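Structural overview for review
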Amino acid sequence: MEKGVEMRGISKAFGSNQANQAVDFYCNAREVVCLLGENGAGKSTLMKILYGQYKADCGEILLSGKSVDIQSPREAIKMGIQMVHQHFMLVPTLTVTDNVMIGKETKNHYFYDRRQARQVVRKLSEEYHLDIPEDKLVGELSVGEQQKVEIIKALYHGAQILILDEPTAVLTPQEVDELFKVISQLKDDGKTVIMITHKLKETMAISDRVYVMRQGKMAGQCLTENTTIDQLSHMMVGHKISKTEKERFYSDKPVVSLAHVSLKNHEKKEVLKDITLEIREKEILGIAGVEGNGQMELIEVLSALNTNWTGSILFNGTSIQGKKTARLLSEGLSCIHADRQTNGIAMELEVPYNFLMGFWQTDEYTTNLGLLNWQKIKMDSRELLEEYDVRPRDIDRKILEFSGGNQQKFVVGREMKRNPHFLIAAHPTRGVDIMGTSFIHEQLMKLKADGAGILLISSDLDELLELSDRIAVLYDGQVMECRQSSAYQMMELGRLMGGRACK
Amino acid sequence: MKKRKLNKKINPAPFYSIALAAIIGAVIILASGNSPLTIYSKLIVGAFGSGNGLQQMLLQTTPLLFCGLSVAVSMKCGLLNLGVEGQLYMGALASAATGIYFQGLPQWLHIPLCILAGMAGGALWAFLPVWLKIKRGTHEVVTALMLNYIAVLFIEFMVNYPMGDRNSSVAQTDVLPSSATLPKLFIKSQVSVGIIIGIVLAVILAFVFKQTILGFQITLTGAGIKAAAASGVNVNRIMIVTMIISGVCSGLAGTVEVMGTYNRLIQGFSPGYGFDGIAVAVLGGSPVTVIFSALLFGALRAGGMALNFGTNLSVKFITTLQGIIILLIAAPELSENIWRKLRKYFAKIKKREG
Amino acid sequence: MEMFISIMNAAFRLTTPIAYVTLGAVVLEKSGINALAMEGIMLIGAFGAAVGSWGSGSAWIGLLTGILCGVAVSMIRSWLCISHQANQTVSGVGINILVGGVTAMLLKIIWGMDGKSETVTALKDWSLPLIKNIPVIGDFLGKQNPLAYLLIPVLIMIWILINRTPFGLRLITAGEHPDVLSSLGLKVSTYRYLASVIAGVLAGIGGAYLSIGQLSFFNQDMTSGRGYMALAACVFGRWTVGGAFCGAVLFGVAEAIQIRLQTQVQYTQFIQMIPYVVTLIVLSGLVKKNVAAPKASGKSYREQQ
């Protein structure tokens, strides 16, 4: 039988990162296929190749048995392939109708016929039970409704194959149910739906077939009815050799205590739900979870970049309510942010300036007259480059001239050198080579032994299991589970990260 | 053996722009029926060839220096101060008023008082747009532009009525008392110590930016506002402080003209220094290099005046060059590309001839 | 009554140039390029119109040359911003300074005079046969410059273009969220260039009105900040065609009242301040958070290759 869409032997590399390696994939009409995997597994890359945004290094794509060359999204759209991105391609100040129509406007002679457009949109909306008021401004819609507008748009532009990129990441449970109804409708109508996700429960609920990707390769493929959540999480996370038991020690004295902390984002969605956690001295608390489940918000709350939370947060025994970031930084907080290029460094400035970013809050580098002691700053910058093996060893270069991995080493080094009492480390070894990674791990253990508390956020389960004393799993803004890292089974971790609670 | 490395990489873009502008200028000169050599040498002679020319150059450079510093300061923080014109007028007004209405003070007291008043006037006018932007989200470009017009009109009113010179038909105030007049730099010259004040200000600003924590915070905010916030900088406060400093510079531009060059406040004394300041700052970049770009533009203007006589070009040719320089600087990639292509082209011609 | 008629007359004459430039500013801003250069584009329009009229003896040819000059300068500025990622604000200011210099320089070269050109043929006012006889209204509506009469049809055309055509919808998208256009395979630069042409035409007409409509010569820097007023009117009208037009009318009427009051009030400067102060108050009072500006306006956009 002819396959609707088939991808054979797809490989794609970005520099030294092999995002896809010899991946095979196919899907047919009247089918819902889930593409499952953790961050960096290669799912998005594969679909972006199908959608024409990237070009595969090798391999081929066949549509209905015929080999095709998809050069750009416009060509993909012409072939009926549409992608609903994680970040919506919608104009908030225009109506639903206008947003759907851009690029393929209904015309009356030379004019844009809004009345006809509204009818078309209303018809599509009703046909697929999307129930979107076509005259409302997109900016006034909820995120779930906006997603529906994207689907209407895709359908209007003639989509036969819909790729949904992490569609449920931003939805409430009720909205997820509604979305699944829509997906069923689309399937009955003869469309193909490919869903990129990391959520196990949803995969089981909606898909006909599942593909699991891991580290750029296709780890497995099966019919949903023939598999279980455990099997899937096993495939997702893989067989990891657990390292020898390290000595776990921590004191009972808490450095940071969160109690019933909740946070709503500006769309009024709860992104942190009743978080109660404690990070103690000499402890590394790891946060496991796929990106987008509340980690960023947790970091922002703890570093006072977001002050709209409710609940109680104590740092060194006193509440951080009302304190500004600079104050926390001078009281012993350090933060290795996840997005280093935005929050961690100033790209256009040279190394000494970026070094000073971590220290200007105290008078460590000011002379008696209150002036900056550049000699000392430069000396210590050089030392930092040396110690953390940041190349090239040139403090006169702007930080943007350094590679990503070296930038990361620099940021980690700077934050560690502050000798913090509490360190938030988000993806500390992202982009760093093996030597650098092991050095950073060593430093983290040293910091911990010196009495600091460390909050470690990472999508690398190996790293988490190796370094953390306890691991808390974050899913959808909630702490699913928090216990000694040795008490976790690999499969269990995968399940928790995918949203399935234990018993 | 250790080699001494150049600490700062010199940005070539301004030089490409000036060179390209000179070439385009030569083309314009040719098109107007003149010889580029004649015109350019007239410019040089006009600026440097005589005592008068040099004085004119310094006179033109002074306000350009202050305005350039004002815009350069704002640019350090990632903002562009478009209200310099209004700020310099308010500074001029404040200092003139302090000079005229407080008679009988000794010079050592009166001059600093007037200068402080001028600084305050400019600072206030620069504070308003940024404050409105932070508090109410108002479009700071339009507010600054509107405030320019309001300031000019307000000064027009003040100079024609309350503070006007009854005995003069020109719209200007009374002469400032000698206690409020800046000493001259040379005898029998209009050039005052204002230019020295400007240079000193540039050095102070450069020092602040390089050596103080405040300067560091401003630089960081301009380079990456989110990174600055993440490292604890109060970015709103820094933006306000930066604009106040910027306003102080523009206010001083007006103050020095009033207290030094003209010794009174004359209606419309600024032929658009505020916008020229943008050209100076964009070409110069940092406080100390602004001194040089201000000197360049000052020399061009002084030389340009020589064009008024005997040629069919006028000083407006200089304005044209200024505009070209700004456009070339605004698109740095363009200047570099054109320059590179020209070099290749000339190399080819040389090869063919050789 | 007589004062009312004279104010209305003046209002028409003063609003016309500002309104044209304002419409051009709105179209340009909505496409994602900021309209700081309108002052210079209007000035070159005025100059080009004067030269064209002087050279050919016909004011209508002058109008054409004025429009062509406006389009040329607008395209140069946009080319710098679109193809070379130039800073929009700096390039806008640069254009204004450049045009100010070039026009003044050419004034001297062409006419040998400093600051003002020779008198050129101007567009004569039209006298509308029936309307001019209507009492009161006819006195100011019946005898105006053809460009003033053209203003309302142009306003309607621009409104329809932005709000009722596919082109307008895509232009708005280019200014609000250019990624959306790219994701659909459309080129953002196409729409921004087309917007620049429209802005150039409109500002060119506005400028031409100054030199060969209202007056019959070109004066150095004769735009006197009307280009910036257009930007203010655009912000005042929250970047809508109709709203910006109302802003332009506000400026025109305020100027008309101010001129009339000048003979009756001693301290005229405060009257002259009215349009600017009103704009300030409106901007800081009524506009809550700057939600109305096209999101992508002022930022350069790198087209995805």
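Residues numbered from 1 in each chain as written. Chains lettered and ligands numbered in written order. Predicted model: local features only at pLDDT ≥ 70, side-chain atom pairs only at ≥ 80, totals over all residues. Heavy atoms only, no water.

Our focus in this paragraph is the overall build of chain A. A tally of helices and strands in chain A yields 17 helices and 22 strands. Since a compact globule built from 503 residues should have a radius of gyration of about 23 Å, the 25 Å found for chain A is in line with a globular shape. With respect to the principal axes defined by its C-alpha atoms, chain A has extents near 75 × 50 × 45 Å. A total of 503 residues make up chain A; the buried ones form 56% of that total. Contacts spanning at least 24 positions in sequence make up 66% of the contacts within chain A whose residues lie at least 6 apart. When the accessible surface of chain A is summed, it comes to about 21600 Å², and 47% of that surface belongs to carbon and sulfur atoms. Counting 62 positive and 69 negative side-chain charges, chain A places the averaged centre of each group 1 Å from the other. (Helix = DSSP H or I, 4+ residues; strand = E, 2+ residues; numbered from the N terminus. Rg over C-alpha atoms; globule rule 2.2 N^0.38 Å. Buried < 20%, exposed > 50% of the residue type's maximum accessible area, 1.4 Å probe, protein only. Contact = heavy atoms within 4.5 Å. Areas by Shrake-Rupley, 256 points an atom, 1.4 Å probe, with all protein chains shown as cover. Lys, Arg positive; Asp, Glu negative; His and termini not counted. Charge placed at Lys NZ, Arg CZ, Asp CG, Glu CD.)

Moving on, we come to the environment of Val-258 of chain B. All names here are of chain B. Here Val-258 lies in helix H10 (residues 235-262). The class for Val-258 is buried, based on a relative accessible area of 1%. Considering only alpha carbons, one finds Val-258 and Ala-117, 141 residues apart in sequence, at a separation of 12 Å. Beyond its immediate sequence surroundings of up to four residues, Val-258 is in contact with Ala-92, Ser-95, Ala-96, Leu-176, Asn-263, Arg-264 and Leu-265.

Our focus in this paragraph is the packing of helix H3 (residues 51-76) of chain B against helix H4 (residues 84-101) of chain B. Residues and elements named next belong to chain B. At a closest axis distance of 11 Å, the pairing of H3 and H4 adopts a crossing angle of 125 degrees. It follows that H3 is oblique to H4 by the angle criterion. Judged by the twist between their axes, the crossing of H3 over H4 is right-handed. Taking contact as the criterion, the partners of Cys-67, Ser-70 and Val-71 in H3 are, on H4, Val-84, Gln-87 and Leu-88. Classifying every residue of the contact of H3 with H4 gives 4 nonpolar, 2 polar and no charged. (Axes fitted to C-alpha atoms, helices over the stretch in contact; angles between N-to-C directions. Parallel < 35°, antiparallel > 145°, perpendicular 65-115°, else oblique. Left-handed = near helix turned anticlockwise from the far one by under 90°. Nonpolar A, V, L, I, M, F, W, Y, C, P; charged D, E, K, R; others polar.)

All right, on to the sheet that holds strand E17 (residues 318-319) of chain A then. Backbone hydrogen bonds are what pair the strands of a sheet, in a parallel or an antiparallel way. Residues and elements named next belong to chain A. An order of E14-E13-E16-E17 is seen for the 4 strands of this open sheet, with the pairing classed as antiparallel. Since the sheet does not close on itself, it has two edges, and those belong to strand E14 (270-280) and E17, each with one partner. Together, strand E13 (254-264), E14 and strand E16 (310-315) form the strand contacts of helix H9 (residues 295-302), whose direction differs from that of E13 by roughly 120 degrees. (Pairing = 2+ DSSP bridges.)

Attention now moves to the pattern of salt bridges. Pairing between side chains becomes possible if they bear opposite charge and their charged atoms approach one another. One pass over the structure, following the stated rule, counts 31 salt bridges over all chains. Overlapping salt bridges, with partners in common, bring together Glu-386, Asp-389, Arg-391, Arg-393 and Lys-409 of chain A in one network. (Salt bridge = Lys/Arg side-chain N within 4 Å of Asp/Glu carboxyl O.)

With that settled, consider the interface of chain A and chain C. Listed per partner, the contact involves 23 residues of chain A and 18 residues of chain C. Between chain A and chain C, a total of about 1700 Å² is buried, with carbon and sulfur atoms accounting for 66% of that surface. Looking at the side of chain A facing chain C, the largest losses of area belong to Arg-74, Met-89 and Ile-102 of chain A, adding up to 28% of the total buried there. In this structure, the connection of chain A to chain C is made through 1 salt bridge. Residue Arg-170 of chain C pairs with Glu-105 of chain A through a salt bridge whose shortest N-O separation is 2.7 Å. Linking chain A with chain C are 5 residue pairs in polar contact (both at pLDDT 80 or more). The set of elements that each furnish at least two residues to the side of chain A that touches chain C consists of helix H2 (73-78), helix H3 (96-101) and strand E8 (111-112) of chain A. Per element, the largest residue contribution to the side of chain A that touches chain C is 3 residues, and it comes from H2 of chain A. (Buried area = accessible area lost by both parts, 1.4 Å probe. Polar contact = N/O pair within 3.5 Å; in protein donor to acceptor, adjacent residues only side chain to side chain.)

Now for helix H7 (residues 166-176) of chain C. Of all 11 residues in H7 of chain C, 11 are buried, a share of seventy percent or more. Within H7 of chain C, the full set of buried residues consists of Pro-166, Phe-167, Gly-168, Leu-169, Arg-170, Leu-171, Ile-172, Thr-173, Ala-174, Gly-175 and Glu-176 of chain C.

Moving on, we get to the sheet that holds strand E22 (residues 478-484) of chain A. All names here are of chain A. Spatially, 6 strands are ordered E18-E19-E20-E15-E21-E22 in an open sheet, and the strand pairing comes out mixed. The open sheet has two free edges, formed respectively by strand E18 (333-336) and E22, since each of these has just one partner strand. The average undirected angle you get between the axes of adjacent strands in this sheet is 15 degrees. Pairing geometry for strand E15 (residues 283-288) and strand E20 (residues 453-457), over 5 bridges, is parallel. Directly across from Ile-284, in E20, lies its bridge partner Ile-454.

This next bit is on the state of the cysteines. Across all of its chains, the model carries 0 disulfides over all chains by this definition. No disulfide involves Cys-67 of chain B; its sulfur sits 9.4 Å from that of Cys-249 of chain B, the nearest cysteine. (Disulfide = S-S within 2.5 Å.)

Turning our attention to the side chain of Glu-463 of chain A. Residue and element names in this part refer to chain A. Tracing the backbone through its elements, the reader meets Glu-463 in helix H16 (residues 461-467). At 2.7 Å, the side chain of Glu-463 forms a polar contact with the side chain of His-441. When neighbours within four sequence positions are excluded, Glu-463 is seen to be in contact with Pro-428, Thr-429, Thr-437, His-441 and Ser-458.

Further remarks concern the packing of aromatic side chains. Enumeration according to the criterion identifies 25 aromatic pairs over all chains in this entry. By way of ring pairs, the aromatic residues Phe-154, Phe-157 and Tyr-161 of chain B together with Phe-270 of chain C are connected into one cluster. When the ring centre of Tyr-26 of chain A is taken as origin, the NZ or CZ atom of Arg-209 of chain A, which lies over that ring, is 4.1 Å away. Here Lys-76 of chain B stacks its cationic end above the ring of Phe-209 of chain B, 5.3 Å away from the centre of that ring. (Phe/Tyr/Trp six-rings, centres within 6.5 Å; stacked < 30°, edge-to-face > 60°. Lys NZ or Arg CZ within 6 Å of the ring centre and 35° of its normal.)

This paragraph deals with the nonpolar core. Of all hydrophobic cores here, the largest spans 290 residues; its most connected members are Ile-183 and Phe-410 of chain A, Leu-265 and Phe-317 of chain B together with Met-38 of chain C. A per-element tally of this core places helix H6 (residues 140-160) of chain B first, with 14 residues. By size, the runner-up hydrophobic cluster in this structure holds 32 residues, among which are Ile-275, Ile-313, Leu-328 and Ile-457 of chain A. (Core = buried A, V, L, I, M, F, W, Y, C linked by side-chain atoms within 4.5 Å.)

What follows is about unusual backbone geometry. Across the junction of Arg-391 of chain A and Pro-392 of chain A, the peptide omega takes the value 0 degrees, indicating a cis bond. Tracing the backbone shows Pro-392 of chain A in the loop between helix H13 (374-387) and helix H14 (404-417). For His-260 of chain A, which is not glycine, the phi torsion reads 50 degrees and is therefore positive. In this fold, His-260 of chain A is placed in strand E13. Although it is not a glycine, Asn-263 of chain B adopts a positive phi angle of roughly 60 degrees.

Once that is clear, we can look at the packing of H3 of chain B against helix H11 (residues 273-284) of chain B. All names here are of chain B. Where H3 meets H11, the closest approach of the two axes is 7 Å, and the angle between their N-to-C directions is 65 degrees. Regarding the angle of H3 to H11, the classification is roughly perpendicular. Between H3 and H11 lies a crossing whose hand is right-handed. Side by side, H3 and H11 meet where Gln-60, Pro-63, Leu-64, Cys-67, Gly-68, Val-71, Ala-72 and Met-75 of the first sit next to Tyr-273, Gly-274, Asp-276, Gly-277, Ile-278, Val-280, Ala-281 and Val-282 of the second. Looking at the contact of H3 with H11 residue by residue, the classes come out as 11 nonpolar, 4 polar and 1 charged.

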